[in-house]
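Here are the chains, one letter per residue:
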Amino acid sequence: MMKAADFLLNCKSCNHIKEFCNSPKCTIYLIEDASKALFDTYISQAVQVYGEPYDTLEIRDNYFYTFFYDNTEIHVYYTGHNGEIRIIIDENAVKYERLLSDGGCGETALYQFELDYRKIDCGMCYIVKCSDNTFFIVDSAHMFSENDHIRLHDFLRKHTEEGQDIVISGWFLSHGHQDHIVKFMDFVEAGFEDVKIQNVYYNFPSVTVVGAERWKADDKLTMCQFWEMMDGHDEFNKIYLHTGQRFCVDSLKFTVLSTHEDLCSHSLECYNDSSTVLLMEVKGSKVIFLGDANYLACSEMTARYGKYLKADIVQVAHHGFNEANAGIYYMIEADTALYPTERRIFEKRSSSESNKTVMSISKEYFIAGDGTVKLKMPYSVGEASCSRKEINL
């Protein structure tokens, strides 16, 4: 039987291999100009070493395999449109849940949470109330949205039965910018006694990757503070996500469509392109969370997945500031668009190519600054309910 070290040595012997250390404790091996046959050979060898894969997925001509071995995760995938193989060795390995639960008897609803945009024009927070009465949260808010972690706690408390703990079964962080993670950090540091966080999902690049010299100093500092904070909390699982993986939370099924690892051969000067992109499927409805995915990431997803991206609801990239490739919205073709910003900024940016594309395709759109919006799953156009606006600018 082949040993693990032999498998990696065999992979490294490929003439076209490049090595990247884009994340802490995570190494990427990129093989360019590769054939599907070569990929199949690697997978066959991986099965000899690691046993049957924990997770597999096929999307068009893209193939994804995940193995776990001695507390290490080995994620291997092939992208057909450009003939590339990536082998990711992840020492942050925590197994993610692969099976859907039967769920509870409660309703499932997606909320676009109104944030405090009085001092900042960005930030986004989405909350899914699961059928078992737990919550899945996407991102948070900016440090300048001063009390939004308290408002978030109040919202969760209101939607949890009296006397019961608030259970956050999953908290997903799309990328490390301040308007997406700081209020998560504040929420954790607040130590709410009635809250239990079970899993935090993310994959952030290191501040030393090629292109990071162009990032803002404050952003780098925030990311370093995030790593330090996470090292100080062991009460929840910290799960690194990789492209092509699927995980489940209650009756929610997620597919990871993009991470910064897809762009490892590029200079990551635009930190927004490090956004992890999720597809959520629940009760027949599909929702895509684009985070702040920029032109490069959106172009890659469009080329890779095409019409597989079709969804019912889309979170518009980068708050509608939108330097995304407009083509991705033609692929997603969503009837409902969610804008995580306030109306003044939306109107200022509405004439961009991407926003005009979204407007031409969608049948309805909702702006976070106008008030919290509830979309009950499965969702149909026209069924949203809008709460009264809480914060006046």
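Residues numbered from 1 in each chain as written. Predicted model: local features only at pLDDT ≥ 70, side-chain atom pairs only at ≥ 80, totals over all residues. Heavy atoms only, no water.

This paragraph deals with the nonpolar core. Ranked by size, the top nonpolar core spans 77 residues in total, and within it L156, F184, F226 and L290 carry the most contacts. Excluding anything up to four places from it in sequence, L156 contacts I127, F135, I137, I166, I168 and F187. Formed by 30 residues, the second largest nonpolar core is a distinct cluster that contains C130, L241, V287 and L375. (Core = buried A, V, L, I, M, F, W, Y, C linked by side-chain atoms within 4.5 Å. Buried < 20%, exposed > 50% of the residue type's maximum accessible area, 1.4 Å probe, protein only. Contact = heavy atoms within 4.5 Å.)

This brings us to the side chain of H260. Note that H260 resides in the loop between β15 (252-258) and β16 (277-282). A residue is classified by how much of its surface remains accessible, and H260, at 1% relative accessible area, is buried. Engagement of the side chain of H260 in a polar contact is seen with the side chain of S23, the distance being 3.2 Å. Separated by 2.9 Å, the side chains of H260 and N203 make a polar contact. (Helix = DSSP H or I, 4+ residues; strand = E, 2+ residues; numbered from the N terminus. Polar contact = N/O pair within 3.5 Å; in protein donor to acceptor, adjacent residues only side chain to side chain.)

As summarised here, the arrangement of the seven strands in space is β14-β15-β16-β17-β18-β19-β20, forming an open sheet in which the pairing is mixed. Where the open sheet ends on each side, the last strands, each with one partner, are β14 (246-249) and β20 (364-367). With strand direction ignored, the average angle separating the axes of adjacent strands in the sheet is 20 degrees. Relative to β15, β14 runs antiparallel, the two sharing four bridges. Paired with V249 across the strands is L252, a residue of β15. This element, helix α6 (residues 295-305), spans β15 and β16 of the sheet and lies at about 110 degrees to β15. (Pairing = 2+ DSSP bridges. Axes fitted to C-alpha atoms, helices over the stretch in contact; angles between N-to-C directions.)

Okay, the pattern of salt bridges next. It is possible for side chains bearing opposite charge to pair when their charged atoms get close. Within the structure shown, the criterion is met by 23 salt bridges. When the shortest N-O distance is used, the salt bridge between D40 and K36 registers 2.7 Å. Within this pair, D40 and its partner K36 are both found in helix α2 (residues 36-50), separated by four residues, close to a single helical turn. Given a relative accessible area of 36%, D40 falls into the partly exposed group. A relative accessible area of 28% means that K36 is categorised as partly exposed. Of the charged contacts, one joins E300 and R304 as a salt bridge, the two residues approaching to 2.9 Å between their closest N and O atoms. With E300 and R304 both in helix α6 and four residues apart, this pair spans about one turn of that helix. For R304, a relative accessible area of 1% gives the class buried. Each of the salt bridges in this network shares a partner with another, and the network as a whole consists of D55, R98 and R246. (Salt bridge = Lys/Arg side-chain N within 4 Å of Asp/Glu carboxyl O.)

What follows concerns the environment of K348. In this structure, K348 sits in helix α8 (residues 343-349). For the pair K348 and F321, spaced 27 residues apart in the sequence, the C-alpha separation amounts to 9.1 Å.

A separate point is the sheet that holds strand β4 (residues 62-69). Spatial ordering of the open sheet is given by β1-β2-β6-β5-β4-β3, a layout of six strands whose pairing is antiparallel. This sheet does not close on itself; its edge strands, each paired only once, are β1 (17-23) and β3 (55-59). Neighbour-to-neighbour, the strand axes of this sheet turn through a mean angle of 15 degrees, independent of strand direction. With six bridges joining them, strand β2 (residues 26-31) and strand β6 (residues 84-90) adopt antiparallel strand pairing. From the neighbouring strand, T27 faces β6, where its bridge partner is I89. Sheet strands in contact with α2 are β2, β4, β5 (72-79) and β6, and its direction is about 20 degrees off that of β4. Where α6 meets the sheet, it contacts β3, β4 and β5, and its direction lies at approximately 105 degrees from that of β4.

Quick look at the pairing of β14 now. Alternating residues of β14 divide into R246 and C248 and F247 and V249, and every residue in both groups is buried. The antiparallel pairing of β14 with β15 creates a hairpin that spans two residues between the two strands, and D250 there sits at a positive phi of about 55 degrees.

Before going further, it helps to examine the packing of aromatic side chains. Summed over all chains, the structure comprises 33 aromatic pairs. Ring centres 5.7 Å apart and planes at 55 degrees place the aromatic pair Y126 and F289 in the tilted group. Within this pair, whereas Y126 is found in strand β8 (residues 126-129), its partner F289 is found in strand β17 (residues 285-289), the two being separated by 163 residues in sequence. Residues Y126 and F289 agree in their burial class; the two are buried. Cluster of aromatic residues (ring-pair linked, three or more members): W171, F184, F187, F192, Y202, F204, F226, W227 and Y240. A cation over a ring is seen here: K36 above Y63, with NZ or CZ 4.2 Å from the ring centre. (Phe/Tyr/Trp six-rings, centres within 6.5 Å; stacked < 30°, edge-to-face > 60°. Lys NZ or Arg CZ within 6 Å of the ring centre and 35° of its normal.)

Now for the packing of helix α4 (residues 178-190) against helix α5 (residues 217-231). Two elements in contact, α4 and α5, have axes whose closest approach is 11 Å; the angle formed by their N-to-C orientations is 35 degrees. For α4 against α5, the interelement crossing comes out left-handed. Facing α4, whose interface residues are Q178, I181, V182, F184, M185, V188 and E189, α5 presents D218, D219, T222, Q225, F226, M229 and M230. Looking at the contact of α4 with α5, its residues break down into eight nonpolar, three polar and three charged. (Left-handed = near helix turned anticlockwise from the far one by under 90°. Nonpolar A, V, L, I, M, F, W, Y, C, P; charged D, E, K, R; others polar.)

Note that every value here comes from positions in space, so none of it alone points to a role or purpose.
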